[in-house]
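Architecture and fold: a report
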Amino acid sequence: MTDCIFCAIVAGAAPSVIVAEDERTLAFMDINPASDGHLLVIPKAHSADLLDIAPEDLTAVTLMAQRLARDAVDEFGADGVNLLNCCGADAWQTVFHFHMHVIPRYLDKTRDRLHLPWTADIPGDSDLIASLGSRLAATV
């Protein structure tokens, strides 16, 4: 894609700090990091989002993200790692080339600026959960 910044990074036409690369993927540092060491893993082949990516590329991106998450814990002393994918503008996707964020997390908040808006301690409506689960199970 001619107007995709991540395709330009893959082509070497846009600057980036590349961390790792293989046949299918490229990993580079995020220029707007949520924490120290925040990086992105992308497929080299363009796909718009999670619904568009080829299964082989999704597998390759996920395995590279896992490897780099381990490396972030070892190399940076991260206390944890978030893997994040946003699919669609309403889900906070801003670059429409599939990418997986690898976000090292730290107890030291001077190294970690990520604050999630969702809290996992608020129970949902059990009837709605069951209904939606049944609908999804019927499609599999």
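The preceding data block contains the structure.
We now turn to the structure provided with this report. Note on numbering: residues in each chain are counted from 1, in written sequence order. Only residues with pLDDT of at least 70 are given local features in this predicted model, and only at 80 or more are side-chain atom pairs given and counted; all residues enter the totals for whole chains, interfaces and linings. With hydrogens and water stripped out, all remaining heavy atoms of the structure feed into the side-chain values.

Examining the pairing of strand β1 (residues 18–21)
Worth spelling out the cut-off: Two strands make a pair as long as DSSP finds a minimum of two bridges between them. Here a helix means four or more residues in a row that DSSP labels H or I, a strand means two or more in a row labelled E, and each is numbered from the N terminus.
Relative to strand β2 (residues 25–29), β1 is paired through 3 bridges, and the arrangement is antiparallel. From the neighbouring strand, E21 faces β2, where its bridge partner is L26. Between β1 and the antiparallel strand that follows it, β2, lie 3 residues.

Points about the sheet that holds strand β3 (residues 39–43)
Note the threshold: Axes, fitted as lines to C-alpha atoms, cover a helix only where it is in contact. Angles between the N-to-C directions of the axes lie from 0 to 180 degrees.
Overall, antiparallel pairing links the 5 strands, which are arranged β1-β2-β3-β5-β4 in an open sheet. Either end of the sheet is taken by a strand with one partner, and the two such strands are β1 and β4 (80–84). Within this sheet the neighbouring strands show an average axis-to-axis angle of 20°, counted without direction. Summarising the sheet, β4 and strand β5 (residues 100–105) pair through 5 bridges and their orientation is antiparallel. Directly across from G80, in β5, lies its bridge partner R105.

Examining the packing of aromatic side chains
To keep things clear, this is the line we draw: Working definition: rings of Phe, Tyr and Trp (its six-membered ring) pair if their centres are within 6.5 Å, and the pair is stacked with planes under 30 degrees apart, edge-to-face with planes over 60 apart, and tilted otherwise. Only protein chains enter the area calculation, which uses a 1.4 Å probe; residues under 20% of their type maximum are buried, those over 50% are exposed, and those in between are partly exposed. Whether a charge sits over a ring comes down to the Lys NZ or Arg CZ being within 6 Å of the ring centre and within 35 degrees of the ring normal.
Scanning all chains against the criterion turns up 1 aromatic pair. Measuring from ring centre to ring centre gives 5.4 Å for F6 and F28, while their planes differ by 75°; the resulting arrangement is edge-to-face. One end of the pair, F6, is in helix α1 (residues 5–11); the other, F28, is in strand β2, and 22 residues separate them in sequence. On the basis of relative accessibility, which here comes to 3%, the residue F28 falls in the buried class. Sitting over the face of the ring of Y106, R111 holds its NZ or CZ atom 3.9 Å from the ring centroid.

A few points about the pairing of β2
Along a regular strand, successive side chains alternate from one face of the sheet to the other. Most of β2 is tucked away, with 4 of its 5 residues classed as buried. In this structure, β2 lies alongside β3, joined through 5 bridges in antiparallel fashion. Its bridge partner being in β3, L26 is matched across the sheet by I42.

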